[in-house]
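# Reading the structure
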Amino acid sequence: MAKRRGILREFASFIRENKAYWMAPVIIAVLLLAGIIVLGALGGGAAAPFIYTLF
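First, a word on scope: everything that follows refers to the structure included in this document. (Residues numbered from 1 in each chain as written. Predicted model: local features only at pLDDT ≥ 70, side-chain atom pairs only at ≥ 80, totals over all residues. Heavy atoms only, no water.)

Moving on: the overall build of the protein chain. On a plain count of helices and strands, the protein chain comes out with three helices and zero strands. The order of helices and strands in the protein chain, counted from the N terminus, is α-α-α. Of all 55 residues assigned to the protein chain, the portion counted as buried reaches 9%. (Helix = DSSP H or I, 4+ residues; strand = E, 2+ residues; numbered from the N terminus. Buried < 20%, exposed > 50% of the residue type's maximum accessible area, 1.4 Å probe, protein only.)

Encoded structure:
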């Protein structure tokens with residue numbers, strides 16, 4: 001049976017092999033936005049001003 005890799009490692013190797021380094025800032029921005037939304041949903045009052053300025 002072939003060794004199975006995680007999806008993040010597989011995606012990282014895809015980016016590296018296809019020289020798609022332009023995807024890294026897009027992924028980082030999406031993860032930061034998701035983090036701010038999660039903080040706002042959990043009741044973190046400190047994240048509210050950031051959410052209001054984005055939307």
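Right, let's talk about the side chain of S13 for a bit. Checked against the element boundaries, S13 lands in helix α1 (residues 7-17). Classification of S13 by relative accessible area gives buried; the value is 7%. Among the polar contacts listed, one links the side chain of S13 to the backbone oxygen of E10, at a separation of 2.8 Å. (Polar contact = N/O pair within 3.5 Å; in protein donor to acceptor, adjacent residues only side chain to side chain.)

Taken together, the side chains of F11, F14, I27 and L31 present a nonpolar region at the surface, about 350 Å² in accessible area. Within the residue set of the nonpolar patch, elements represented by two or more residues are α1 and α2 (23-41). Along the chain, the position of I27 falls in helix α2. (Patch = residues over 30% accessible without salt bridge, like charges linked within 9 Å, V, L, I, M, F, W, Y side chains within 5 Å. Areas by Shrake-Rupley, 256 points an atom, 1.4 Å probe, with all protein chains shown as cover. Salt bridge = Lys/Arg side-chain N within 4 Å of Asp/Glu carboxyl O.)

Counted according to the given criterion, the structure contains one aromatic pair. Taking the centre distance of 6.2 Å and the plane angle of 25° together, the rings of F11 and F14 count as stacked. You can see F11 and its partner F14 sitting in helix α1, three residues apart, about one turn around the helix. The class of F11 is partly exposed, set by a relative accessible area of 34%. (Phe/Tyr/Trp six-rings, centres within 6.5 Å; stacked < 30°, edge-to-face > 60°.)

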